[in-house]
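Chains, contacts and geometry: an overview
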Number of protein chains: 2
Amino acid sequence: MTTAPTSASSTRAQTHAATTARIVAAARTLLVNRGEVTLRAVARELGMTAPALYRYAASHEELVRMVAISIDTDVAERITGAADGQPADDPAGRLIAAAVEFRQWALDNREEFSLVFTNVDVDCVDEVSSPGTGMIFSALLFELWEKYRFPIPALTDLEPGLATILRDPQVPADLTGVPEEMRGLVWILERAWSRLYGTVTLEVFRHIDPRIVDEAHLFRAMIEDQAAPLGLVDELPRLRTLIRDLLAR
Amino acid sequence: MTTAPTSASSTRAQTHAATTARIVAAARTLLVNRGEVTLRAVARELGMTAPALYRYAASHEELVRMVAISIDTDVAERITGAADGQPADDPAGRLIAAAVEFRQWALDNREEFSLVFTNVDVDCVDEVSSPGTGMIFSALLFELWEKYRFPIPALTDLEPGLATILRDPQVPADLTGVPEEMRGLVWILERAWSRLYGTVTLEVFRHIDPRIVDEAHLFRAMIEDQAAPLGLVDELPRLRTLIRDLLAR
DNA sequence: GTTAACTGTAAACGGTGTAAACTGGAGGTT
DNA sequence: AACCTCCAGTTTACACCGTTTACAGTTAAC
């Protein structure tokens, strides 16, 4: 029935994908400027009528989901870029740069952060196989271990239930070729991610003295807490000034 | 002009407050069951029409804010009750019981948690002078210090900017009579609160392997992390089993 | 007993998401 | 080159939303 798609015959799909991208872009602009995404407003922005959007998203909820995925992809890119701003042989600096970038983005784009990271409905973001935020951080942590070889807990030293989970974790990370003895690294990853996510979320939603957010006291303390388990105590002075420089931008 | 209010003359205000309470209750029911609060639905629930609600809330946003305050008050009560379920001379047990109750409530009522604790708009909750969630935890931490006298960082050992903040912190806590030498306790409070808030938020929004949430691995690890700075290392075995018992309920 | 304040309704406005029917034109097929 | 199918888009319509206005009934207060 279906013939192999030639280069010319893909026009149909191409234009469809193109306007889909324009729709998502307009929706994101509206989310930032007006604080909400409305089908009619998005359509108006593109010179269309609202029902036309149903050719590209099955519902308003799906449009929002597409926006969320777009945002997650973007922030993943920004984080990667920040990490790449540090030397390739300095995984600690790369990881910290990524974390600082993530925080800065979250504080500068509270609506978008809220949509992607504290949303009860839209959680399908995790299912995406694309390089999302989680995947970036896990890769950076693996890089870090390659260089510093900080101690990893043995699965036998952990609770049996936890060890079972870590043998086949549902986590956005590439674990192919990671042997059993190293699966404790996933536990360290989860704990570090929980610190970063938790601190940033607390700052974004301001459930703390606002000046502590402005001066990043809590965030820096959180990062420094990670130094010990990640084998970075010797590097702490250097990393401290790095964090300050990155935050000052 | 205004005469002293007699017991009979307060009827007007009483009925007003009563229906206000019914409105908020209906709104909360709708939030839990339908996942959203609509003026018309609330009115329908009470056999009224939507515009009538404007006698009790100036706008839909204010109604939601009232709901949020109601929820916050409720969870504060639940937390207090959980703490009071432990012996008065065991502040460590009381604090842990409160933390476990907070987590359990958050996981069981994700919509309500989201409304109160991860909401960009409704943040006036903190301004409330009533005994909200934050106040409870700060009181419990102060209790804890009374008994264990764990070390408090001196303000002079902290960054000057941070010390300035801690001298007059914007935090839901009663600091009357807390001398300068003890203001480092507020820093410990903020750090502990950030751990609890961050972990629970991560669990609620499931940005982690769901089995880790189900078996509370991350939450228990977070609590145990607090043992050292709060001077509870000797009590850890006892507290560990306490946490398990509390979670098993 | 009169009056003023309060509680509620009805109607209406602009906005929302969504479904159905319809139309023009471009894409793919022969 | 001609056909025809499919698809993007419009129009119309529906039910719902928050909100405003004008109005009426009750009831507490003087």
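Residues numbered from 1 in each chain as written. Chains lettered and ligands numbered in written order. Predicted model: local features only at pLDDT ≥ 70, side-chain atom pairs only at ≥ 80, totals over all residues.

In terms of helices and strands, chain A carries 11 helices and zero strands. When the elements of chain A are put in sequence order from the N terminus, they spell out α-α-α-α-α-α-α-α-α-α-α. By its C-alpha atoms, chain A is 60 × 50 × 35 Å across when sized along the principal axes. Each of the 249 residues in chain A was classed as buried or not, and the buried ones make up 36%. Across chain A, every contact between residues at least 6 apart in sequence was considered, and the portion connecting residues at least 24 apart equals 65%. (Helix = DSSP H or I, 4+ residues; strand = E, 2+ residues; numbered from the N terminus. Buried ≥ 20, exposed ≤ 12 C-beta atoms within 10 Å, placed from the backbone. Contact = placed C-beta atoms within 7 Å.)

Judged by nonpolar contacts, the single largest core of 126 residues is most densely connected at A:Val67, A:Ile96, A:Ala98, B:Val67, B:Ile96 and B:Ala98. Not counting chain neighbours up to four residues away, the residues in contact with A:Ile96 comprise A:Ile223, A:Leu239, A:Leu242 and A:Ile243. (Core = buried A, V, L, I, M, F, W, Y, C linked by C-beta atoms within 7 Å.)

Time to look at the interface of chain A and chain B. Between chain A and chain B, the residue contacts involve 34 residues of the former and 35 residues of the latter. When contributions to the side of chain A that touches chain B are tallied by element, the ones reaching two or more residues are helix H5 (110-117), helix H7 (160-167), helix H8 (184-204), helix H9 (210-214) and helix H10 (217-227) of chain A. Of all the elements, H8(A) adds the most residues to the side of chain A that touches chain B, at eight residues. The class makeup of the residues in the side of chain A that touches chain B is 14 nonpolar, 10 polar and 10 charged. (Nonpolar A, V, L, I, M, F, W, Y, C, P; charged D, E, K, R; others polar.)

Looking now at the protein's contact with DNA strand D. Near DNA strand D, the surroundings consist of 23 residues, among which A:Thr49, B:Leu39, B:Arg40, B:Pro51 and B:His60 are the closest. Mapped by element, the contributors of at least two residues to the surface near DNA strand D are helix H1 (11-34) of chain A together with helix H1 (11-34), helix H2 (39-45) and helix H3 (60-84) of chain B. Within the surface near DNA strand D, the residues separate by chemical class into nine nonpolar, nine polar and five charged. (Near = placed C-beta within 6 Å.)

The feature "DNA-binding region" (unreviewed entry), as annotated in UniProt, sits at residues 38-57 of chain A in this numbering. Segment residues 38-57 of chain A splits into 35% helix and 0% strand. End C-alpha atoms: 13 Å apart. (UniProt positions renumbered as here; feature names shortened; annotations may be inferred.)

Time to look at unusual backbone geometry. Phi is positive for A:Arg206, which is not a glycine, with a value near 55°. Of note in this structure, B:Arg149 is not a glycine but carries a positive phi near 50°. Using a count of 9 C-beta atoms within 10 Å as the deciding quantity, one classes B:Arg149 as exposed.

Time to look at the relation of the copies chain A and chain B. Placing chain A over chain B gives an RMSD of 0.1 Å and needs a rotation angle of 180°, together with 0.0 Å of translation along the axis. Classification of the inter-copy transformation places it as that of a two-fold axis. For chain A, the residue whose C-alpha comes nearest the rotation axis is A:Gly198, separated from it by 1.7 Å. Both copies contact each other with a shared surface, as 100% of the interface residues of chain A are interface residues in chain B too. (Least-squares fit on C-alpha atoms with pLDDT ≥ 70 in both.)

What follows covers the domain arrangement of chain A. All names here are of chain A. Domain annotation of chain A identifies domain 1 (8-57) and domain 2 (68-248). The centre of domain 1, based on its C-alpha atoms, is set 32 Å off from the matching centre of domain 2. Facing five residues of domain 1, the contacting portion of domain 2 comprises four residues. Class assignment of the residues belonging to the side of domain 1 that touches domain 2 gives a composition of three nonpolar, one polar and one charged. (Domains from an automatic or database assignment.)

Okay, the packing of helix H3 (residues 60-84) of chain A against H5(A) next. Residue and element names in this part refer to chain A. Packing of H3 against H5 leaves a shortest axis separation of 9 Å and a crossing angle of 110°. In terms of axis orientation, H3 runs roughly perpendicular to H5. Contact residues: H3 offers Val67, Ala68, Ile71 and Asp72, while H5 offers Glu112, Leu115 and Val116. A class-by-class count of the residues in the contact of H3 with H5 yields five nonpolar, no polar and two charged. (Axes fitted to C-alpha atoms, helices over the stretch in contact; angles between N-to-C directions. Parallel < 35°, antiparallel > 145°, perpendicular 65-115°, else oblique.)

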